[in-house]
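# Descriptive analysis of the structure
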Amino acid sequence: EMQPPKTNTNIIIPANKTSKRIDCDVLIAGGGITGSAAFRYFSEAGKKTYLINYEHGSSWRNIGGGRPAFSVPEIAEIANQNQEIFKEIQKHANIHYKALEASLAWSEGYMVDKKDFTKEISPYFNPDLDTYQAALITMNCWQATPGRVIEYIRNVASQNGGVLLENARLLEVQRTDKGFMALVYN
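Residues numbered from 1 in each chain as written. Predicted model: local features only at pLDDT ≥ 70, side-chain atom pairs only at ≥ 80, totals over all residues. Heavy atoms only, no water.

### Some points on the pairing of strand E8 (residues 169-176)
Quick note on the threshold: Paired strands are those between which DSSP finds at least two bridges. Per the convention used, a helix needs a DSSP run of H or I reaching at least four residues, while a strand needs a run of E reaching at least two, with both numbered from the N terminus.
With seven bridges joining them, E8 and strand E9 (residues 179-185) adopt antiparallel strand pairing. Bridge pairing links Arg175 to Phe180 in E9. What sits between the antiparallel neighbours E8 and E9 is a turn of two residues.

### Some points on helix H2 (residues 73-92)
Filter applied, for reference: Expected helix span is taken as 1.5 Å per residue step, with the number of steps being one fewer than the number of residues. Relative accessibility under 20% of the residue-type maximum defines a buried residue, over 50% an exposed one, and the middle range a partly exposed one, all with a 1.4 Å probe and only protein chains included. Working definition: the arc comes from the directions between the helix axis and the C-beta atoms, pointing outward to the latter.
With 20 residues, H2 should reach 28 Å at 1.5 Å per residue; the first-to-last C-alpha distance of 30 Å fits that figure. Three or more residues of H2 are buried, namely Ala76, Ala79, Gln83, Phe86 and Ile89. Relative to the axis of H2, the buried residues are bounded by an arc of 130° and lie together on one face. Across from the buried face of H2, at angles greater than 90 degrees, the exposed residues are Pro73, Glu74, Lys91 and His92.

### Side note on the nonpolar core
What counts here: Among the buried residues, those of types Ala, Val, Leu, Ile, Met, Phe, Trp, Tyr and Cys that are joined through side-chain atoms within 4.5 Å form a nonpolar core. We call two residues in contact whenever any of their non-hydrogen atoms come within 4.5 Å of each other.
Counting residues in hydrophobic clusters, the biggest one holds seven residues: Phe86, Ile89, Ile95, Val149, Tyr152, Ile153 and Val156. Looking at this core, the elements that each hand over two or more residues are H2 and helix H4 (146-159). The element best represented in this core is H4, accounting for four residues. In this structure Tyr152 touches Arg40, Ile89, His92 and Ala93, once residues within four positions along its chain are discounted. With five residues, the next largest nonpolar core counts Val26, Ile28, Leu51 and Ala157 among its residues.

Here is the structure:
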């Protein structure tokens, strides 16, 4: 529940620091691939958008990629739609969209039984792990370089009026009678 009881908020700022109030339409906390994409699309839609990112840049885990050959149709469709977005980005900025292609030496695609994981996937795979029953190896796999993708989509947002606050922290969020109030340390 985000609704606090009706109380006055007292914010104590050290004497050598300053604070200012900024009104915005959208505040995004977290500059990973999802936060940065939301930053881009809200900014392009004309919303006054702020992205606060805890550190500078993005994590290597913010990979842009997908495997459209999933057996679950909904996930395959998401991967296909994302692939179209990344193809469009590649037209404007070199994000190394086909980075995985050089490392692939697989056939068109085949299933690997759990008993063959150490042989087919990795000799270091834990044979006692019960999470996976089978694996699909396929040529239909794509990836883009994370830092280049994040940089491009954040630049698009900034060119459309979005404001990026690096090395910032979201300290608190409260619901008010006019929306939400966020306390951000920048």
